[in-house]
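Architecture at a glance
In case you want the letters, here they are:
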Amino acid sequence: GAYIPTTTVAVTAAPLNYPLSLLCEFERAVDTGGSECLIQLEDNPDNTDIAILFVSASDALEADMVSNNVLQAAQAMAGSISVGVTTKGAARFAQDDVKSARGGTLSAGDVSATVAATPVTIRFGARTTGGSPQLPTFGYLRRAALFSRALSDSELTTVTSG
């Protein structure tokens, strides 16, 4: 596990693994015309095993899970995310259960997803490989949280409301 510095003793963080959930509060400053990464979890730097929360090229909040280079789930929320508006989005990534939420509304959900390999890296505002605009190119990440469990539908709705 990762070393956490303290004043008197060493503490080791528990390893990150699925199921897990991501939360972002963000603002798009511009529409880049491409996908805009908010948070990406990966097992290695080649995009073969990732969980990602991003704004798609069609301006929708989307949560994708890729396992062994195969797209397992793509949970896009209906409706566009406007420039200059603070938005709260979240996603749950679990075996046979991937779902996203925005503004208190849930996506349909994917009930046949295989989870990605155990993540070892968390990226804020950037994908592993090029092709996507990077923060702060497109906006601001106001708040981000990673939950070491799958949030329920009710919790996804609550954390993205208001």
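Residues numbered from 1 in each chain as written. Predicted model: local features only at pLDDT ≥ 70, side-chain atom pairs only at ≥ 80, totals over all residues. Heavy atoms only, no water.

With that settled, the discussion passes to the overall build of the protein chain. A tally of regular secondary structure across the protein chain gives one helix and 12 strands. Reading the protein chain from its N end, one meets helices and strands in the order β-β-β-β-β-β-β-β-β-β-β-β-α. When contacts within the protein chain are restricted to residue pairs at least 6 apart in sequence, long-range pairs at least 24 apart make up 61% of them. For the protein chain, the accessible surface area stands at approximately 7,400 Å², while carbon and sulfur atoms represent 53% of it. (Helix = DSSP H or I, 4+ residues; strand = E, 2+ residues; numbered from the N terminus. Contact = heavy atoms within 4.5 Å. Areas by Shrake-Rupley, 256 points an atom, 1.4 Å probe, with all protein chains shown as cover.)

With antiparallel pairing, the five strands of this open sheet are ordered in space as β10-β9-β8-β3-β12. Unpaired on one side and paired on the other, β10 (105–106) and β12 (139–147) mark the two borders of the sheet. Here strand β9 (residues 97–102) runs beside β10; their pairing, made up of two bridges, is antiparallel. Bridge assignment links Arg102 to a residue of β10, and that residue is Thr105. In the packing of helix α1 (residues 153–160) onto the sheet, contacts are made with β3 (20–28), β8 (86–94), β9 and β10, and the angle to β8 comes to roughly 160°. (Pairing = 2+ DSSP bridges. Axes fitted to C-alpha atoms, helices over the stretch in contact; angles between N-to-C directions.)

Time to look at the nonpolar core. Judged by nonpolar contacts, the single largest core of 23 residues is most densely connected at Tyr18, Leu38, Leu53, Met65 and Phe93. Among the secondary structure elements, those contributing two or more residues to this core are β3, β4 (36–42), β5 (50–55), β6 (61–67) and β8. The dominant element in this core, judged by the number of residues it contributes, is β3, at four residues. (Core = buried A, V, L, I, M, F, W, Y, C linked by side-chain atoms within 4.5 Å. Buried < 20%, exposed > 50% of the residue type's maximum accessible area, 1.4 Å probe, protein only.)

For the structure shown, the criterion picks out 10 salt bridges. The salt bridge partner of Arg143 is Glu25, with a shortest N-O separation of 3.3 Å. Of this pair, Arg143 sits in strand β12 while Glu25 sits in strand β3, and the two are 118 residues apart along the sequence. Note on Arg143: relative accessible area 39%, which makes it partly exposed. On the accessibility criterion, Glu25 (18% relative accessible area) is buried. Measuring nitrogen to oxygen at the nearest pair gives 2.7 Å for the salt bridge that ties Glu42 to Arg123. You can see Glu42 sitting in strand β4 and its partner Arg123 sitting in strand β11 (residues 121–124), a full 81 residues away along the chain. For Glu42, a relative accessible area of 1% corresponds to the buried category. Each of Arg28, Asp31, Glu36 and Asp59 takes part in salt bridges that share partners, so that together they form one network. (Salt bridge = Lys/Arg side-chain N within 4 Å of Asp/Glu carboxyl O.)

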